[in-house]
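If you want the building blocks of each chain, they are given just below.
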Amino acid sequence: RAPLLCPRPETEELVMKIIEETTESPIHILDVGCGTGVIGLSLAEHLPDAFVEAIDIDPVAIETSNENAKRILEPSEMSCYKAMLCSAQEFDPKH
């Protein structure tokens, strides 16, 4: 879906490394420039105590990320993933 990019093979390696090396629980993850949401959604799916916030400046990215969340995450996992449209100046992690 234009203008989003397809994840590169290295993306899967990055996600697996994060999953393998994450020892903190719960963990808060910020996915900046989330695009399709594949990184944040994969982490939310495999790290049960993670809360993932995904941000992007493109409305298409947020729409796609939310659509993918509905496809990938179980209904009980949906509360651990939030995608929102914003710029760096607007982001407030204390919301």
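Let me sum up the structure you'll find in this document.

The rules behind the values
Residues numbered from 1 in each chain as written. Predicted model: local features only at pLDDT ≥ 70, side-chain atom pairs only at ≥ 80, totals over all residues. Heavy atoms only, no water. 1 Å grid on protein atoms, 1.4 Å probe; cavity = no way out; pocket = protein on both sides within 12 Å on 5 of 7 lines; lining within 4 Å. Points joined across faces, edges and corners; volume = space filled by probe spheres on them. Helix = DSSP H or I, 4+ residues; strand = E, 2+ residues; numbered from the N terminus. Nonpolar A, V, L, I, M, F, W, Y, C, P; charged D, E, K, R; others polar. Buried < 20%, exposed > 50% of the residue type's maximum accessible area, 1.4 Å probe, protein only. Polar contact = N/O pair within 3.5 Å; in protein donor to acceptor, adjacent residues only side chain to side chain. Contact = heavy atoms within 4.5 Å. Pairing = 2+ DSSP bridges. Axes fitted to C-alpha atoms, helices over the stretch in contact; angles between N-to-C directions. Salt bridge = Lys/Arg side-chain N within 4 Å of Asp/Glu carboxyl O.

What follows covers the layout of surface pockets. What the largest pocket holds in volume is close to 270 Å³. Taken together, 17 residues line the largest pocket, and the ones lying closest to its centre are Leu5, Gly33, Cys34, Gly35 and Thr36. Secondary-structure elements contributing two or more residues to the lining of the largest pocket are β1 (27–32) and α2 (38–46). Counted by class, the lining of the largest pocket contains nine nonpolar, five polar and three charged residues.

For Asp56, the location among the structural elements is in strand β2 (residues 50–56). The exposure class assigned to Asp56 is buried, which follows from its relative accessible area of 11%. There is a polar contact of 3.2 Å between the side chain of Asp56 and the backbone nitrogen of Cys34. Residues contacting Asp56, with those up to four places away along its chain left out, are Gly33, Cys34, Gly35, Ala61, Ile62, Met84, Leu85 and Cys86.

The next subject is the sheet that holds β2. Sheet architecture is open: three strands sit in the order β1-β2-β3, paired in parallel fashion. Both edges of this open sheet fall to β1 and β3 (81–85), since each of them pairs with a single strand only. Going across the sheet, the axis of each strand differs from the next one's by a mean of 15 degrees, ignoring polarity. Relative to β3, β2 is paired through five bridges, and the arrangement is parallel.

It is worth spelling out unusual backbone geometry at this point. The residue after Ser25, namely Pro26, is reached through a cis peptide bond having omega -5 degrees. With respect to the helices and strands, Pro26 occurs in the loop between α1 (9–21) and β1.

Below, the discussion takes up the pattern of salt bridges. One pass over the structure, following the stated rule, counts two salt bridges. With a shortest N-O distance of 3.3 Å, Arg8 and Glu10 are connected by a salt bridge.

Shape is all these values report; function is a separate question.
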